[in-house]
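Working through the structure, step by step
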Amino acid sequence: MKPFVAVIPIAVLLLAGCAAGTASPNPSTGKIDVVASTNVWGSLASTVGGDDVSVTSFIDDPSKDPHEYEANGQNQLAISRAAVVIENGGGYDDFVDTMLKASPSKAAVVLNAVKISGLSAPGGDLNEHVWYDFPTVTKVIDKMEAAFSRARPAEESVFTANADKLKNSIAGLQAKESALKAQYSGVGVSITEPVPLYMLNAIGLDNKTPAAFSKAIEDDSDASPEVLQQAIDLYSSHSVKLLAYNEQTTGAQTEAVLSAAKNNGIAVVPVTETLPSGRTYLSWMSGNLDAITAALAG
């Protein structure tokens, strides 16, 4: 797992430590100030909170590797003013915890998606990309609804209605996963990184990627030549139906795998870690499932 680079000068932390926290809801706007480490959780918070929340998402550029994000003083200030902070957890965005410790205000409700998920893994090597796991997303939505309702009790019915509508839509996506599983369970697939694995697993697909390859890519290192060749051989032998390719983290070895897939007529399904521009969480995930469906049917 590649950690984010949290570049927060000591002077900035000291300055932030002198600022006053803001109670929730914000007295000047009447809205609940929400900070999310990525625009994935920020989009969901906006959907649940509607006009009653003001959401700031730190990592929101789909054209950049999110692991190269550098936290800054503006982020620290937003954290200090937040009523609700939504972090992914699992080591994905540790810079949020660093800023929370430096914040003068300890009043914020902190929602950690990985902790909320209840997921665990042997040896502690959990796939932290839990926004591709719909049961986890549903649990986080419930926590958002509860946090917003505590902050603005008069709007609880609005938050509940928004959350229920969103969860119903996610249930529809889960039904699509189940339908695909009934048709394609056991079909071989490959990845460059574990980003979409929760979704692929829910469909019952068999990830044939050498574990050492996807681990090396996720850790921003190179797999051995032998492991790289094993990954490439998946395409020449037509052992897999698709390649789920993380567009935001690329390098010589991922490009080699991508070329091998294309040269052998294997479908490529691009995936991202952050919300693409102009998309909602629902439209994004629905698009991912549509792309997987087309690849499996091809």
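Reading the values: rules and limits
- Residues numbered from 1 in each chain as written.
- Predicted model: local features only at pLDDT ≥ 70, side-chain atom pairs only at ≥ 80, totals over all residues.
- Heavy atoms only, no water.
- Salt bridge = Lys/Arg side-chain N within 4 Å of Asp/Glu carboxyl O.
- Helix = DSSP H or I, 4+ residues; strand = E, 2+ residues; numbered from the N terminus.
- Buried < 20%, exposed > 50% of the residue type's maximum accessible area, 1.4 Å probe, protein only.
- Patch = residues over 30% accessible without salt bridge, like charges linked within 9 Å, V, L, I, M, F, W, Y side chains within 5 Å.
- Areas by Shrake-Rupley, 256 points an atom, 1.4 Å probe, with all protein chains shown as cover.
- Lys, Arg positive; Asp, Glu negative; His and termini not counted.
- Charge placed at Lys NZ, Arg CZ, Asp CG, Glu CD.
- Contact = heavy atoms within 4.5 Å.
- Polar contact = N/O pair within 3.5 Å; in protein donor to acceptor, adjacent residues only side chain to side chain.
- Phe/Tyr/Trp six-rings, centres within 6.5 Å; stacked < 30°, edge-to-face > 60°.
- Pairing = 2+ DSSP bridges.
- Axes fitted to C-alpha atoms, helices over the stretch in contact; angles between N-to-C directions.
- Right-handed = clockwise from strand over helix to strand, strands pointing away.

Opposite charge on two side chains permits them to pair, given that their charged atoms come into close proximity. Considering all chains together, one arrives at seven salt bridges under this definition. Residue Lys 167 pairs with Asp 142 through a salt bridge whose shortest N-O separation is 2.6 Å. Of the two residues, Lys 167 is situated in helix H7 (residues 156-184) and Asp 142 in helix H6 (residues 134-151); the sequence distance between them amounts to 25 residues. Assessed through its relative accessible area of 34%, Asp 142 is described here as partly exposed. With a shortest N-O distance of 3.3 Å, Asp 219 and Lys 215 are connected by a salt bridge. A relative accessible area of 30% means that Asp 219 is categorised as partly exposed.

Our next topic: a negative patch on the surface. Together, Glu 68, Glu 70, Asp 220 and Asp 222 make up a region of like negative charge exposed at the surface. Looking at the element boundaries, Glu 70 is found in the loop between strand E2 (53-59) and helix H3 (73-81).

The subject of this paragraph is the environment of Lys 106. Within the element layout of this structure, Lys 106 appears in the loop between helix H4 (94-102) and strand E4 (109-112). Of the residues examined, Lys 106 reaches a relative accessible area of 59% and is grouped as exposed. For Lys 106 and Val 137, which are 31 residues apart along the polypeptide, the C-alpha to C-alpha distance reads 25 Å. If we skip the residues at most four places from it in the chain, Lys 106 touches Leu 100 and Lys 101. A distance of 3.2 Å separates a polar atom in the side chain of Lys 106 from the backbone oxygen of Leu 100.

Our focus in this paragraph is the packing of aromatic side chains. For the structure on display, the rule yields six aromatic pairs. Plain terms: the ring middles of Tyr 132 and Trp 284 are 5.7 Å apart, the flat faces sit at 65° to each other, and that makes the pair edge-to-face. Residue Tyr 132 is located in the loop between helix H5 (113-117) and H6, and its partner Trp 284 is located in helix H12 (residues 281-297); the two are separated by 152 residues in the primary sequence. Trp 284 matches Tyr 132 in its accessibility class, with the two residues each being buried. Summarising the aromatic geometry, the rings of Tyr 281 and Trp 284 are spaced 6.2 Å apart at their centres and angled 80° between planes, so their arrangement reads as edge-to-face. Of the two residues, Tyr 281 and Trp 284 are both situated in helix H12; the distance of three residues between them amounts to about one turn of the helix. For the residue pair Tyr 281 and Trp 284, the accessibility class agrees, reading buried in each case. Here the aromatic cluster, defined as three or more aromatic residues joined through ring pairs, consists of Tyr 92, Trp 131, Tyr 132, Tyr 281 and Trp 284.

Another point: the sheet that holds E2. Two pairing modes exist for strands in a sheet, parallel and antiparallel, and in both the strands are linked by backbone hydrogen bonds. Ordered in space as E2-E1-E3-E4, the four strands form an open sheet in which the pairing is parallel. Edge strands, defined here as strands with exactly one partner in the open sheet, are E2 and E4. Geometrically, the sheet is characterised by an average inter-axis angle of 15° between neighbouring strands, direction not taken into account. Note: strand E3 (residues 84-87) against E4, four bridges, orientation parallel. Pairing of Glu 87 across the sheet is with Asn 112, part of E4.

Turning next to the pairing of strand E7 (residues 242-246). Extensive coverage of E7 is indicated by the burial of five of its five residues. Alignment of strand E5 (residues 188-191) against E7, held across two bridges, turns out to be parallel. Following the sheet pairing, Ile 191 is matched in E7 by Ala 244. Bridge analysis of E7 against strand E8 (residues 267-271) gives five bridges, and the strand direction is parallel. Residue pairing in the sheet places Leu 243 in a bridge with Val 268 of E8. Between the parallel elements E7 and E8, the chain passes through helix H11 (residues 252-263) in a crossover that is right-handed.

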